[in-house]
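# Fold and geometry: a report
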Amino acid sequence: MSEQLRTTMKMQRARLDFTQAQLAELSGITRKSINAIEMGHMVPSTLLALKLAKVLGVTVEQLFSIEAAPD
């Protein structure tokens, strides 16, 4: 069984009324990286996941989870 990363980042951004660009600036990465993570095209490093969670005021577990991917 394969697994994939699931994120609530878009929902967490909306809760704080942040744009992708604002979150990127506060996290020290590019807007394209934020978009890639939200779309599931990029898996963030542990360090980046911790930074994103801190900026959004949530735990890493609230921001990211693992789910079974369809085969």
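The structure this text deals with has already been given above.
## Considerations on the nonpolar core
In a soluble, globular protein the nonpolar side chains are often hidden away together inside. Counting residues in each nonpolar core, the largest one holds 13 residues, and the members touching the most others are Met9, Leu52 and Leu63. In terms of residue count, helix H4 (residues 46–56) provides more of this core than any other element does, five residues in total. Ignoring any residue separated from it by four or fewer positions in sequence, one finds methionine 9 in contact with Leu23, Ile34, Ile37, Glu38, Leu52, Leu56 and Leu63.

## Things to note about the pattern of salt bridges
In total, this model carries one salt bridge according to the counting rule given. The closest approach of N and O atoms between glutamate 38 and arginine 13, which form a salt bridge, is 2.5 Å. Within this pair, whereas glutamate 38 is found in helix H3 (residues 31–39), its partner arginine 13 is found in helix H1 (residues 9–16), the two being separated by 25 residues in sequence. We classify glutamate 38 as buried; its relative accessible area is 17%.

## Examining the packing of H1 against H3
Interhelical geometry of H1 versus H3 gives an angle of 125 degrees and a closest axis separation of 9 Å. One finds that H1 runs oblique with respect to H3. Counted together, Met9, Lys10 and Arg13 of H1 and Ile34, Ile37 and Glu38 of H3 form the full contact between these two elements. Here the contact of H1 with H3 is built from residues that sort into three nonpolar, no polar and three charged.

About the cut-offs
- Every chain's residues receive numbers from 1 upward, in the order its sequence appears when written.
- It should be noted that, the model being predicted, local features are given only for residues of pLDDT at least 70 and side-chain atom pairs only at 80 or more, the latter also being counted only at that level, while totals for whole chains, interfaces and linings use all residues.
- Just so you know, side-chain values use all the structure's heavy atoms and leave hydrogens and water out.
- For the purposes of this section, nonpolar cores are sets of buried Ala, Val, Leu, Ile, Met, Phe, Trp, Tyr and Cys residues that join through side-chain atoms within 4.5 Å.
- Accessible area is worked out with a 1.4 Å probe on protein chains only. A residue is then buried under 20% of its type maximum, exposed over 50%, and partly exposed in between.
- Secondary structure is summarised from DSSP: a helix means a run of H or I of at least four residues, a strand means a run of E of at least two, and numbering begins at the N terminus for each.
- Throughout, a residue-residue contact means that at least one pair of heavy atoms, one from each residue, lies within 4.5 Å.
- Throughout this description, the term salt bridge denotes a Lys or Arg side-chain nitrogen within 4 Å of a carboxyl oxygen of Asp or Glu.
- Axis definition: a line fitted to C-alpha atoms, limited for helices to the stretch in contact. Angles are taken between N-to-C directions and run from 0 to 180 degrees.
- Angular relationships are summarised with four words: roughly parallel below 35 degrees, roughly antiparallel beyond 145, roughly perpendicular across 65 to 115, and oblique for the angles in between.
- Charged residues are taken to be Asp, Glu, Lys and Arg, nonpolar residues to be Ala, Val, Leu, Ile, Met, Phe, Trp, Tyr, Cys and Pro, and polar residues to be all remaining types, Gly included.

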